[in-house]
Amino acid sequence: MASVLFSNLCLLLLLTAAESCFLPKSLYIPVPQTVEAGQHITKVNLADCGDGPVLLSVSDPSFTVYSDGEIVAVRSVSVSARGQTFSVEARDGGGQWREMEVHLIRAPAQRRKTGGQGFLKRSKRRWSPPTFHILEEDDGPYPRDIHRIVSDSEAEYNVYYSFSGPGFDQYPTDVFSLDRETAMLRVHKKVDREMFPKFTLVTRVTDRNTGKDTDDPLPITIEVDDINDNAPIFTTPLQFTVPEKSKAGEVVGKVNATDRDKEGTRHVKIRYTLLDGLDLFAINPETGVITTRTNTLDREAKDKHLAIVQLKDMDGAVNGLVNTGTATITLTDINDNLPTFLNTPYTATVTENEIDKLILRIPVEDKDLINTPNWISKFVITKGNENGNFRIDTDPKTNEGLLYVTKALDHEKSTNVKLEIMARNEADLSGTSAQWQSAPVDVTVTNVDEGPQFTAPTVTFTVRENVANGTLIGSYTAVDPESKNSKGISYYKVEDPASWINVDKNSGELRVANTIDRESHFVQDGKYNITMKAVDASSKTGTGTVIIVVEDVNDNMPEVPSKLVMCEKPGELGSVMVLAEDPDQSPYSAPFSFSLPSDNDGKWSVTPFNDTAAMLKQVKELHTGIHNVELIVTDLQGYGQKQIVPVRICQCRNGVCLAKDHTVSLGGLALLTMLLPLALLLLLGLLLAFFCVTKRQTLEIDDAGDSGGILLKSNIEAPGDEVDLIAVPTAPVEQLTMGSVKGAAVNAGWLGNKSSSTIGGHSVHENGMYTSGVVKGDTHEFYSAQYDSNLYGANQFNGGHLLGSGVDFDNRYLQDTVFLRTWQTNGRYLHQKLSFMGTEDDGRYADDIVHAYGFEGAGSTAGSVGCCSDYADNDDLDFLNTLGPKFKTLADVCTKS
């Protein structure tokens, strides 16, 4: 440790260039084993350091030195038996410095007497070595001894030493070692203080024989003393801004820097210096604040300035480490340049009567920053625009002034207009004493041939309402702007909503054409407007407006505009408010007077309520209904008449009558409408009675046996069961005689029971019965409907069902060609044969016609049907066997008895 301190001292002495402040090289101060915080150590004699200020510093942070040279402990310090050393440095105003070592020597322990005995007894003390120091980045040689750690217990025991912690068996490893036998602490490599400023290791002393510690574990601290091996660095960008024309001493910005060396030492004491730009800027050497030196910084001349900033530690000493950087100082714009006109004076030409036209562009120049309020121009017309004929705007792209004419100019009144325009900025001027500039503008007004102009844009006349037609109201004339006379000008109406005015074409006189009514909706606020047109010889026109103020006369009487409703209150006499209206104006209107005629019936009374209303009250009990009350209402001038006011008395709910008090009578059409449903109902009853009277009698036939053939089942499906009786009507109108073709045909259809059938036809079940396709009518209609070619030609057999016919049948019959031939061809054959038979005498083929008989019992098993047999073979009746038992029953009916 002593060698390390000695080398440091030698290094400091070598760096000292001159000595103007004398200090002894070393001081030895006896101190107790424990130096308490605040304890005085010694005082450095500064008498030989001159009268200037002296800066004192101490290397050990456990101590401090005051400006008068007094050294004091700032914390409790334990001094080892070998003592403790630190240095004190003195620096005078000339920059010269000197260092002195202070050696603290532990004073011998005082002996004390113990009770009754005449000798001193030595007490056991705990081993407590001081903090050890090594120099960072020391070049060696290594290993190097630091200090020997000795425990008092080694005098009594055979011990060995060991330790552990960072720097030995923890990261960073193998930096230190401790000799087991001699307890010598050694360092083996250089250490960077900025990474490892301090090491703390725990030392143990152990009995070799028992393996037990002979003393308490001792933490030892090894501090790495700093050397100035890190240059200061900038921590923030060197970018600064300051307004142009700033006053001297204006703060530009602060340079921020740091140093990694030990805080609180001269190694991190940074001095700031500007290496250039000193004529414009300055920097505080201790704080790094940059300020301006002049007020002449001009952005328009140079908007950026560069300055080299130097950082040097050791407070700028010659042995300090240096770093430099370039600071960029940007000047921000202020409005120190006003817009200037480029070409003056300015001239423009405009044609009279033109409006909203750009007549001049006024360029200006401004050196301030483009597109900022300091550059954008604003133009003001300061003279010559008293009538508001012009407007000036700014072109946002070019910053030019745009002069417009917004109100028509008259060449006859003024041929030239002189304007004065001032140019300024959106922002106020700053940093200059200049004033806004103005420029003259000479505007020439050229002449055009104009139409006539009325003497005034509008003229007002006053007329009483109801004045006689033809009354002169006044005259409204125009003149030619060039000739200043009215010669050759004609006058016309353009707009006269109520057609109340006539205009004389030549003189412009206005006369009443129709009755003027102040209460008309054409009159607004007592005024009526018409528009006139003046036309000169060249057909040029001019327009004007005539305002007619209509004076009121008392031509309207006050009236009660609506019916009155009075709610009846049991036990009370009612009242109702009467409101009157008069379209006239004061003094020909309200206040109104309300009264009853002198010959009134005494049922009512009236009392005033306000200027336009009165209260009408019952005097006697009156029945509900409508009462016509005679009432006299007059205006302020006494103009009025007797009026009939309907008053309805009724029972009310929430002020509304519950029901009307009048009856309703029905007219002839209403009565007819009510009787018509009764008549229809009576007619329906008569029709039902007629159908019931004319109902046909029916006969019952017994349908025995089962059929799987063409005749369909009735309403049961099990073979061999009994079926419902089929109603067959008797001849209802005329007697069906044997041999009658017509009668037989009609009977074959069995009309009247919704179940009809034909020979060889088909049937459809309806409501439990069978309905055929028979058309109820004469013989031709019957057969044409039943045997239509579409029906028998288009129907097809498909899986036991005749498509289109609604007939189901057994599939096994499809194998018999006779069956197919019967149903597909016999229909047409029967149709033709029956038609032929209708033309013959009644007796010739009488026996071959189907007959109706009253007896329907058993008969022939296969009786011949004569003329109705197959046209191919009259003797081939086998097809009848395919029709089943039901057809046999039908055959029995048709068999001759």
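As a reminder, the structure under discussion sits directly above these lines.
Cut-offs used in this document
Residues numbered from 1 in each chain as written. Predicted model: local features only at pLDDT ≥ 70, side-chain atom pairs only at ≥ 80, totals over all residues. Heavy atoms only, no water. Helix = DSSP H or I, 4+ residues; strand = E, 2+ residues; numbered from the N terminus. Pairing = 2+ DSSP bridges. 1 Å grid on protein atoms, 1.4 Å probe; cavity = no way out; pocket = protein on both sides within 12 Å on 5 of 7 lines; lining within 4 Å. Points joined across faces, edges and corners; volume = space filled by probe spheres on them. Nonpolar A, V, L, I, M, F, W, Y, C, P; charged D, E, K, R; others polar. Axes fitted to C-alpha atoms, helices over the stretch in contact; angles between N-to-C directions. Core = buried A, V, L, I, M, F, W, Y, C linked by side-chain atoms within 4.5 Å. Buried < 20%, exposed > 50% of the residue type's maximum accessible area, 1.4 Å probe, protein only. Contact = heavy atoms within 4.5 Å. Salt bridge = Lys/Arg side-chain N within 4 Å of Asp/Glu carboxyl O.

Caption draft 1: Representation of unusual backbone geometry. Following Tyr171, the chain continues to Pro172 via a peptide bond in cis, the omega torsion being -5 degrees. Along the chain, the position of Pro172 falls in the loop between β12 (159–164) and β13 (176–178). The step from Thr344 to Pro345 runs through a cis peptide bond, and the omega angle for that step is -5 degrees. As for its placement among the helices and strands, Pro345 is situated in the loop between β26 (340–341) and β27 (346–351). Within the chain, Asn371 stands out as a residue other than glycine whose phi angle is a positive 65 degrees. Note that Asn371 resides in the loop between β29 (364–365) and β30 (377–383). At Asn466, a residue that is not glycine, the phi angle is positive and equals roughly 65 degrees. Position of Asn466 among the secondary structure elements: in the loop between β36 (458–464) and β37 (472–475).

Caption draft 2: Quick peek at the pairing of strand β49 (residues 625–634). The pairing of strand β46 (residues 593–595) with β49 spans three bridges and is classified as antiparallel. Bridge pairing links Ser593 to Thr634 in β49. The pairing of β49 with strand β50 (residues 640–650) spans 10 bridges and is antiparallel. Of the residues in β50, the one forming a bridge with His627 is Val647. Connecting β49 to the next strand, β50, in antiparallel fashion are five residues, including Gly638 with a positive phi near 80 degrees.

Caption draft 3: Quick peek at empty space enclosed by the protein. Taken as a whole, this structure holds nine cavities of 30 Å³ or more when the rule is applied. Every residue lining the second largest cavity is counted, 13 residues in all, and those nearest its centre are Ile134, Leu135, Asp138, Arg144 and Val187. Looking at the lining of the second largest cavity, the elements that each hand over two or more residues are β10 (132–135) and β11 (144–148). In terms of residue class, the lining of the second largest cavity is made up of seven nonpolar, one polar and five charged.

Caption draft 4: Structural view of the sheet that holds strand β32 (residues 401–405). The antiparallel open sheet is built from three strands, whose spatial order is β28-β32-β31. Here the strands that pair on one side only, and so sit at the sheet edges, are β28 (357–362) and β31 (390–394). Sheet twist, expressed as the mean angle between neighbouring strand axes with direction ignored, is 25 degrees. Relative to β32, β31 runs antiparallel, the two sharing five bridges. Bridging across to β32, Phe390 finds its partner in Val405.

Caption draft 5: Spotlight on the nonpolar core. Membership of the largest hydrophobic core comes to 24 residues, with the highest contact counts inside it found for Ile501, Leu510, Tyr528 and Val546. Looking at this core, the elements with two or more residues in it are β36, β40 (501–503), β41 (509–512), β42 (527–535) and β43 (541–551). Per element, the largest residue contribution to this core is four residues, and it comes from β42. If sequence neighbours within four positions are ignored, Tyr528 has contacts with Asp496, Pro497, Ala498, Ser499, Trp500, Ile501, Phe522, Val523, Val546, Ile547, Ile548 and Val550. With 23 residues, the next largest nonpolar core counts Leu360, Leu409, Ala423 and Val445 among its residues.

Caption draft 6: Local environment of the pattern of salt bridges. The full count for this structure, using the stated rule, is 24 salt bridges. Between Glu300 and Arg299 there is a salt bridge, with its nearest N and O atoms 3.1 Å apart. Glu300 sits in the partly exposed class, given a relative accessible area of 25%. Residue Arg299 is classed as buried on the basis of its relative accessible area, which comes to 14%. Linking Arg424 and Asp428 is a salt bridge whose minimum nitrogen-to-oxygen distance equals 3.1 Å. Residue class for Arg424 comes out partly exposed when judged on its relative accessible area of 21%. Each of Asp145, Asp179 and Arg186 takes part in one network of salt bridges that share partners.

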